[in-house]
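# Tertiary structure, described
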Amino acid sequence: MHDPTAPILSVADALDDCDAALIKLNKTCCDPGRSPQMIELAKTLGEARRRLDAIPSNPGLAKQAIAHLESAGAQVGRLQVGCCAPSRMPLYVTILAALTEAQLRLNASLGTGH
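Note that the structure is predicted; figures quoted are calculated from it, not measured.

When you go through the protein chain residue by residue, the secondary structure sums to four helices and zero strands. Each helix (α) and strand (β) of the protein chain, taken in turn from the N terminus, gives the series α-α-α-α. The C-alpha atoms of the protein chain give a radius of gyration of 15 Å, which matches the 13 Å a tight globule of 114 residues would have. The dimensions of the protein chain, computed from C-alpha atoms along their principal axes, are 50 × 20 × 20 Å. Once local pairs closer than 6 in sequence are excluded, the contacts in the protein chain between residues at least 24 apart make up 69%. With the model as given, the accessible surface of the protein chain reaches about 6,500 Å², and the carbon-plus-sulfur share is 60%.

Structure (structure tokens):
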């Protein structure tokens, strides 16, 4: 039996990976001035998740969810370029890879992927 929520759950799993890496990143960051940027990133991820959760009842929110994923990617890029510790680069890679995976899965579930 086909579960119509399965693609959404797989996108949520990718966002879970983002959240976990962001928590580690925030805990290990030595620059308290970057914390507000990480909080904004967490908010953006939360907005993506809220739209994602509402897609089953409102499929039109998928494009908004993707826009939030893209915005989160831009925020991660700004944080990564400004990071002073090479040891944290794997966390940025994890977040960016999970955002990409979420976007690909979401587009595939909508039939708009390549």
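Right, picking up where we left off after that structure.
Moving on to helix 4 (residues 89–110). With 22 residues, helix 4 should cover 32 Å at 1.5 Å per step; its first-to-last C-alpha distance of 32 Å lies within 8% of that length. All of the buried residues along helix 4 are Leu 91, Tyr 92, Ile 95, Ala 98, Leu 99, Ala 102, Leu 106 and Asn 107. Down the axis, helix 4 shows its buried residues gathered within 165° of arc, on one side only. One or two positions beyond helix 4, positive phi appears at Gly 111, with a value near 75°.

Here the focus is the pattern of salt bridges. Taken as a whole and judged by the stated rule, the model has six salt bridges. In this structure, the salt-bridge partner of Asp 19 is Arg 49, at a minimum N-O distance of 2.7 Å. Of this pair, Asp 19 sits in helix 1 (residues 6–28) while Arg 49 sits in helix 2 (residues 35–54); the two residues are 30 residues apart in sequence, bridging distant segments of the chain. Connected via shared salt-bridge partners are Asp 16, Asp 19 and Arg 49.

Note on helix geometry: an α-helix contains 3.6 residues per turn, so any two residues three or four positions apart are oriented the same way. Given a rise of 1.5 Å per residue, 20 residues ought to cover 28 Å, and the 29 Å separating the end C-alpha atoms of helix 3 (residues 62–81) matches this to within 8%. Buried within helix 3 are the following residues: Ala 62, Ala 65, Ile 66, Leu 69, Ala 72, Gly 73, Gln 75, Val 76 and Leu 79.

Another aspect to go through is the side chain of Gln 75. In this structure, Gln 75 sits in helix 3. Judged by its relative accessible area of 12%, Gln 75 is buried. With sequence-adjacent residues up to four places away left out, Gln 75 is seen in contact with Glu 40, Leu 41 and Thr 44.

Rules behind the numbers
Residues numbered from 1 in each chain as written. Predicted model: local features only at pLDDT ≥ 70, side-chain atom pairs only at ≥ 80, totals over all residues. Heavy atoms only, no water. Helix = DSSP H or I, 4+ residues; strand = E, 2+ residues; numbered from the N terminus. Rg over C-alpha atoms; globule rule 2.2 N^0.38 Å. Contact = heavy atoms within 4.5 Å. Areas by Shrake-Rupley, 256 points an atom, 1.4 Å probe, with all protein chains shown as cover. Expected span 1.5 Å × (residues − 1). Buried < 20%, exposed > 50% of the residue type's maximum accessible area, 1.4 Å probe, protein only. Arc of directions from axis to C-beta. Salt bridge = Lys/Arg side-chain N within 4 Å of Asp/Glu carboxyl O.

Distances and angles like these do not, on their own, reveal function.
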